[in-house]
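Next come the chains, spelled out residue by residue.
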Amino acid sequence: MKKQQLDDAVLIQLHSESTAKGKSILEQACGKELFAPKPDEKWKKIITLKSVFAITKPTKEELAILNYKGTNDRMIGLKGAAELFHIVEALNGGKEHNWDNSNEYKYSNYWDMTSGGGFSCSGYGGWLSSSSVGSRLSLISREHAEHMAKHFPTSYKLFMQKKHERK
Amino acid sequence: MKKGELTTAQALLIYNNSNEAGKKELEKTFGKEMFTTPSILTRVNSVQDAIDIAKPDADEMALLNYSGTNERMIGVKQALKMFICSDVLNEGKEANWSNDNEPKWAPWWNMSGGGFSHSDYVHWLSGSYVGSRLSFRDEKVSDHFAKIAKGDIELFLKKSHEIK
């Protein structure tokens, strides 16, 4: 049977766009290693709170907030804040911001708060030395910010919306 | 005789522009207390003043008393102080994000140079970086918050090791 050689980049692209069955065939043909995330892209696998906490390992006192089941709406907002702090830390992979470096952008997400928009991320902002959300809620790249908005809207919702605004 | 009606806001405005006799008339109708209670901006001059008014519950008090070094816990404690200040200073006025004519205010901070200064204000109409819990009903209230809570805001926006 005639064989056609393909560049690794093309194979990786094909893998990411394939069904589970397609992925399995590609992995059998080329080896699983080719498709494993590179060390600096491991953060892309962080898509649930469970995967976040596996990295950040919340303490007992943090779990009391993260598992809050009461009705005090400020506490519910703090549960959202705590989740966001953990997510940012896990995604940024321990890299800290340098607010004195005016060549280093710090990214944060901008949310449509209208009821018509149904709370949706409508973009991100990149800042150099100023902010309204600060270090605890800023991401190290645009890609990180987009990833966080895509996978963790519920945590933002708890932090940013009051009870009567959440639907 | 047909009687006119005054809103509370109109009554306050007239009171501040009346002579003594006029003031007494208004006090008889609306009650003296309405004209003598100091404004929230006069009553709240520190984060502690806001906490005293908000009367936090047991869960919140436990957080406010947190004295450990876990950086994420410090962030949550500071977030609670910010939420309380916003609740108290906004006096129950909730943001209406569907109203494009109603700006929601938040201070903007300069984070560089080892310093921390209030660099600007931002106002949003229907979207935000910070949301309802950290927005203020007008520029004056946002400015007051920035003044009385600067140290606490710095520790909310910066991690402990970033504060010089």
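Residues numbered from 1 in each chain as written. Chains lettered and ligands numbered in written order. Predicted model: local features only at pLDDT ≥ 70, side-chain atom pairs only at ≥ 80, totals over all residues.

In terms of residue burial, strand E1 (residues 106–112) of chain A counts as a mostly covered element, since five of its seven residues are buried. Relative to strand E2 (residues 120–127) of chain A, E1 of chain A runs antiparallel, the two sharing seven bridges. Paired with Trp111 of chain A across the two strands is Cys121 of chain A, which belongs to E2 of chain A. The pairing of E1 of chain A with strand E3 (residues 127–128) of chain B spans two bridges and is classified as antiparallel. Residue pairing in the sheet places Asp112 of chain A in a bridge with Gly127 of chain B of E3 of chain B. (Buried ≥ 20, exposed ≤ 12 C-beta atoms within 10 Å, placed from the backbone. Helix = DSSP H or I, 4+ residues; strand = E, 2+ residues; numbered from the N terminus. Pairing = 2+ DSSP bridges.)

Attention now moves to the interface of chain A and chain B. Counting residues at the interface gives 39 residues for chain A and 36 residues for chain B. When residues of the side of chain A that touches chain B are traced back to their parent elements, those giving at least two are helix H4 (60–66), helix H5 (73–92), E1, E2, strand E3 (130–131) and helix H7 (153–160) of chain A. Ranked by the residues each element gives to the side of chain A that touches chain B, the list is headed by H5 of chain A, at eight residues. As judged from the two bridges shared by E3 of chain A and strand E1 (residues 104–110) of chain B, these two strands associate in the antiparallel manner. From the neighbouring strand, Ser130 of chain A faces E1 of chain B, where its bridge partner is Asn110 of chain B. (Contact = placed C-beta atoms within 7 Å.)

Here we come to the domain arrangement of chain A. For chain A, the domain assignment lists domain 1 (1–36) and domain 2 (39–165). Spacing between the C-alpha centres of domain 1 of chain A and domain 2 of chain A amounts to 33 Å. (Domains from an automatic or database assignment.)

Once that is clear, we can look at the packing of H5 of chain A against helix H7 (residues 71–89) of chain B. At a closest axis distance of 9 Å, the pairing of H5 of chain A and H7 of chain B adopts a crossing angle of 145°. Our pair here, H5 of chain A against H7 of chain B, has a crossing hand that is right-handed. On the side of H5 of chain A, the interface is formed by Arg74, Gly77, Leu78, Ala81, Ala82, Phe85 and His86 of chain A, while H7 of chain B contributes Arg72, Gly75, Val76, Ala79, Leu80 and Phe83 of chain B. Its residues placed into classes, the contact of H5 of chain A with H7 of chain B shows eight nonpolar, three polar and two charged. (Axes fitted to C-alpha atoms, helices over the stretch in contact; angles between N-to-C directions. Left-handed = near helix turned anticlockwise from the far one by under 90°. Nonpolar A, V, L, I, M, F, W, Y, C, P; charged D, E, K, R; others polar.)

What follows covers the packing of helix H5 (residues 47–54) of chain B against H7 of chain B. Residues and elements named next belong to chain B. Direction vectors running N to C along H5 and H7 enclose 70°, while the axes themselves pass 9 Å from each other. Here H5 is positioned roughly perpendicular relative to H7, judged by the angle of their axes. Listed contacts from H7 to Val47, Ala50, Ile51, Ile53 and Ala54 of H5 are Lys81, Ile84, Cys85, Asp87, Val88 and Leu89. Residues that form the contact of H5 with H7 fall into these classes: nine nonpolar, no polar and two charged. (Parallel < 35°, antiparallel > 145°, perpendicular 65-115°, else oblique.)

This part takes up the sheet that holds E2 of chain A. Paired through backbone hydrogen bonds, the strands of a sheet run either parallel or antiparallel to each other. Taken in spatial order, the three strands line up as E2(A)-E1(A)-E3(B) in an open sheet, and their pairing is antiparallel. At either margin of the open sheet sits one strand with a lone partner, and together these are E2 of chain A together with E3 of chain B.

This paragraph deals with the domain arrangement of chain B. The domain boundaries assigned to chain B delineate domain 1 (7–37) and domain 2 (41–162). Averaged C-alpha coordinates put domain 1 of chain B and domain 2 of chain B at centres separated by 33 Å.

Moving on to the nonpolar core. In terms of nonpolar packing, the biggest core is built from 61 residues, with Val76 and Cys85 of chain B touching the most fellow members. Of the residues forming this core, the biggest block, 10 residues, is contributed by H7 of chain B. (Core = buried A, V, L, I, M, F, W, Y, C linked by C-beta atoms within 7 Å.)

All names here are of chain B. Tracing the sequence through the fold places Phe145 in helix H8 (residues 139–148). On the basis of neighbour counts, which here come to 28 C-beta atoms within 10 Å, the residue Phe145 falls in the buried class. Distance from Phe145 to Pro107, taken between C-alpha atoms, is 8.4 Å for residues 38 residues apart in sequence. Excluding anything up to four places from it in sequence, Phe145 contacts Cys85, Leu89, Pro107 and Phe136.

Turning to the sheet that holds E1 of chain B, a few remarks are in order. In space, the three strands of this open sheet follow the order E3(A)-E1(B)-E2(B), with antiparallel pairing throughout. Edge positions in the sheet fall to E3 of chain A together with strand E2 (117–124) of chain B, since each of these pairs with one other strand and no more. Together, E1 and E2 of chain B form the strand contacts of H8 of chain B, whose direction differs from that of E1 of chain B by roughly 35°.

So, about unusual backbone geometry. The backbone phi angle of Lys57 of chain A is positive, close to 50°, even though this residue is not glycine. Checked against the element boundaries, Lys57 of chain A lands in the loop between helix H3 (49–56) and H4. Even without glycine at this site, Glu91 of chain B takes up a positive phi of about 50°. Of note, Glu91 of chain B is situated in the loop between H7 and E1.

Moving on to helix H2 (residues 20–30) of chain B. Counting buried positions along H2 of chain B gives zero out of 11 residues, so the element sits mostly on the surface. Positive phi appears at Gly31 of chain B, one or two residues downstream of H2 of chain B, with a value of about 90°.

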